[in-house]
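Architecture at a glance
Next come the chains, spelled out residue by residue.
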Amino acid sequence: MAVIKKNQLIAPFLGAKLTFIPGQDPMGMLNIGEQIFSMLLPGLNNVTERIRYYSFYCWFFGWYSKNNGSENPKVQRNYLRRAEYLLALISASKNESGIPGITEARNNYNIEASSFSLFEGTGELEDITENTYWKNPRGVFGQNYVSSMRQMGLIRDKGDNSGIYIRTAFEKEGIVTGKDLEMAFEANIDSESLKIFLKALVDGNITHQELIQINKDFDLINVCLGSLENNLLIQMLTEVDHPTHEVEFHFRRNTIALYLNRLKEKETLVSVQDFVNAAYTRQGKLEGKSNDTLMGWYYYQLSQYWHIVCTSSLKHLLGVLQDKSDSGWYIEEALVNELTNEVLSVFVNEYGISKNTPFSELKILEEENFVIVKNIHTKDSIQGLCNALLLLRKLMYDNSTTIKEQLEYAQKYSLHSTSDFIAVYNDLNEKSKMSISEFVKYFLKKYILNRHQMVALNKMNASQSTEKFLREDGYIRFVDFIDFDFSNPRLGNVVTFLKNLSIISNNGEELTNDGLELQKNLSICLID
């Protein structure tokens, strides 16, 4: 009997069946937006909802270094997870929400129980994290805060690849360090509450009575108004973007200033979408002059609208493909031609154009962009595609005079994407001289079909694909539907932070007295 040697193949290799998965960003349009808001709001992300965790972690790492000091990363992680779960239990005892780990803490919290085990809530004894307060072994800190706090200059690694974190302590004028926040946090905690918390942290157990006793001091939602901790956290948000870098930018501070100005101006709730739409409308100008922070948000929102145009076009194309093919193969050229003819028919009927009218002469809608986006969200695939094309026409018209300025801005701050609107504008503008019919065909083939296939193939691995259609020998086949929406640029968490710090009222509709004072001071910096 023949023996198969290592690396010898005596039969055709059959790979596992390819699995189609939803994936994210099917058109690959969101990268530039992430680059922009990472620049404008450094040290923040979309999941760090409670600003007092910044000072709590500084306090924790200061305490750990002085009272335990073990350089075994697992030991530090165990203490950290106990502390995080304890905070979640404290919130559960107050029936609060919005605290990491609160779901499992609520499941475990029982007002009739006499005590609670931190070991059970963290899975420490079994060395498992599944079905505990937080699945990630590194805890809430390791998943949500470590990168942000590094950027803020609050923590650092104790040694190269040590896996041990310590809070920072350095002298730099106007900069909040980890040591500053450690001391300020502890100053806001009653000495008896501190003893109870630390004893529970070491023993791994806390009584129900003790939870109730310390739940006011260890409130991680609101920061005591007028306290040093509150003032330092505001200073941290409005200081230089990267405290440990030599080059100084103030995009985060200026973004907060712009938001507070907008809130004062409107005297009502200012949503994230309202803020970025206002930045887009002003085209990066503040009192008639170009402002780098406002220009960044203008650039961001333009990229978002372009993302909506392309991703919604793919969605509606897929809807038509599914209807026409009934999940079978369909001639691609026929699909594009039929789609184009149906779109053209709508434009002819609604706007009185001819089939030879150039795309550049298509009517520019008077509605605001966000209104057009709402109209793109429709079950009528042809009407949705028409609205996407009308938004594209409006984007090209409204931004034609600022493309050069935005390209210079992108180069200045090393923002780059080959798929971004400003990168493809010249091509779109040149092709807009074509008839509407020819332009739509060109757009669908290059910017929708070819673009999605390229993005999906780049993401494909040996077993999974994010393709939403298959192409073969001139035919196309439906795979799955998609949806589309604006992405979250972190600004919502900034607003939550400002509420936690009593700068904005809890309903988000007005500035507090402290908020008015901060708005006044930051506005001066914004103009300077």
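Relevant structure appears above.
In this text, all values refer to a predicted model and were calculated from it rather than measured experimentally.

Looking now at the pattern of salt bridges. One side chain can pair with another of opposite charge once the charged atoms of both are near each other. Summed over all chains, the structure comprises 25 salt bridges. With a shortest N-O distance of 2.9 Å, Arg 262 and Glu 265 are connected by a salt bridge. A residue pair is termed a helical-turn pair when its members lie 3 or 4 positions apart in one helix, as Arg 262 and Glu 265 do in helix α11 (residues 251-266) at three residues. One salt bridge connects Glu 333 with Lys 445, and the closest N-O pair in it is separated by 3.3 Å. Of this pair, Glu 333 sits in helix α14 (residues 332-351) while Lys 445 sits in helix α19 (residues 436-459), placing them 112 residues apart in sequence. Taken together, the shared-partner salt bridges connect Arg 262, Glu 265, Lys 266, Asp 274 and Arg 282 into one network.

So, about the layout of surface pockets. In this approach a probe as big as a water molecule rolls over the atoms, and the regions it shows empty are the leftover space. What the largest pocket holds in volume is close to 490 Å³. Forming the walls of the largest pocket are 24 residues, and the residues nearest its centre are Gln 24, Asp 25, Pro 26, Leu 30 and His 307. When contributions to the lining of the largest pocket are tallied by element, the ones reaching two or more residues are α1 (31-40), α13 (292-325) and α19. Of the residues in the lining of the largest pocket, the class split is nine nonpolar, nine polar and six charged.

Let's shift gears to the nonpolar core. Residues Tyr 54, Phe 197 and Trp 306 are the most contacted members of the largest nonpolar core, which totals 161 residues. A total of 17 residues in this core trace back to one element, the largest contributor, which is α13. Not counting chain neighbours up to four residues away, the residues in contact with Tyr 54 comprise Gly 43, Leu 44, Thr 48, Tyr 145, Ser 148, Met 149, Met 152, Leu 154, Leu 181, Leu 233, Met 236 and Phe 497.

On inspection of all chains with the given rule, the structure shows 47 aromatic pairs. The interplanar angle of 75 degrees and the centroid separation of 6.3 Å between the aromatic rings of Tyr 53 and Phe 56 together place this pair among those described as edge-to-face. With Tyr 53 and Phe 56 both in helix α2 (residues 52-67) and three residues apart, this pair spans about one turn of that helix. Residue Phe 56 is classed as buried on the basis of its relative accessible area of 0%. The positively charged end of Arg 82 is found above the aromatic ring belonging to Tyr 79, 4.4 Å away from the centroid.

As a further point, take unusual backbone geometry. In this model, Asp 127 sits at a positive phi of 55 degrees, which is unusual for a non-glycine residue. Turning to its location among the elements, Asp 127 is positioned in the loop between α5 (118-122) and α6 (139-151). According to the relative accessible area criterion, Asp 127 is exposed, its value standing at 53%. Residue Asp 326 is not a glycine yet carries a positive backbone phi of 55 degrees. Here Asp 326 is to be found in the loop between α13 and β8 (329-331).

A word on the packing of helix α7 (residues 178-187) against helix α10 (residues 228-238). One can describe the packing of α7 onto α10 by two numbers: an axis separation of 8 Å at closest approach and a directional angle of 150 degrees. The angle between α7 and α10 falls in the class roughly antiparallel. With respect to the hand of their crossing, α7 and α10 are arranged in left-handed fashion. Counting all contacts with α7, which are made through Asp 180, Leu 181, Ala 184 and Phe 185, the residues of α10 involved are Leu 228, Glu 229, Leu 232, Leu 233 and Met 236. Here the residues of the contact of α7 with α10 sort into seven nonpolar, no polar and two charged.

Now for the side chain of Ser 417. Turning to its location among the elements, Ser 417 is positioned in the loop between α17 (403-412) and α18 (421-431). In terms of polar contacts, Ser 417 uses its side chain to reach the side chain of Ser 419, at 3.1 Å. Aside from chain neighbours lying at most four places away, what touches Ser 417 is Ile 32 and Ala 423.

All told, the structure shown has two cavities of 30 Å³ or more when counted by the stated rule. Considering only enclosed or pocket space, the largest cavity measures out at about 70 Å³ in volume. Lining the largest cavity, in full, are Leu 258, Asn 261, Arg 262, Glu 265, Phe 275, Ala 278, Ala 279, Arg 282 and Leu 294. For the lining of the largest cavity, the elements supplying multiple residues, two or more each, are α11 and α12 (272-282). In the lining of the largest cavity, the residues fall into five nonpolar, one polar and three charged.

Conventions we followed
Residues numbered from 1 in each chain as written. Predicted model: local features only at pLDDT ≥ 70, side-chain atom pairs only at ≥ 80, totals over all residues. Heavy atoms only, no water. Salt bridge = Lys/Arg side-chain N within 4 Å of Asp/Glu carboxyl O. Helix = DSSP H or I, 4+ residues; strand = E, 2+ residues; numbered from the N terminus. 1 Å grid on protein atoms, 1.4 Å probe; cavity = no way out; pocket = protein on both sides within 12 Å on 5 of 7 lines; lining within 4 Å. Points joined across faces, edges and corners; volume = space filled by probe spheres on them. Nonpolar A, V, L, I, M, F, W, Y, C, P; charged D, E, K, R; others polar. Core = buried A, V, L, I, M, F, W, Y, C linked by side-chain atoms within 4.5 Å. Buried < 20%, exposed > 50% of the residue type's maximum accessible area, 1.4 Å probe, protein only. Contact = heavy atoms within 4.5 Å. Phe/Tyr/Trp six-rings, centres within 6.5 Å; stacked < 30°, edge-to-face > 60°. Lys NZ or Arg CZ within 6 Å of the ring centre and 35° of its normal. Axes fitted to C-alpha atoms, helices over the stretch in contact; angles between N-to-C directions. Parallel < 35°, antiparallel > 145°, perpendicular 65-115°, else oblique. Left-handed = near helix turned anticlockwise from the far one by under 90°. Polar contact = N/O pair within 3.5 Å; in protein donor to acceptor, adjacent residues only side chain to side chain.

Treat this as a map of the structure, not an account of what it does.
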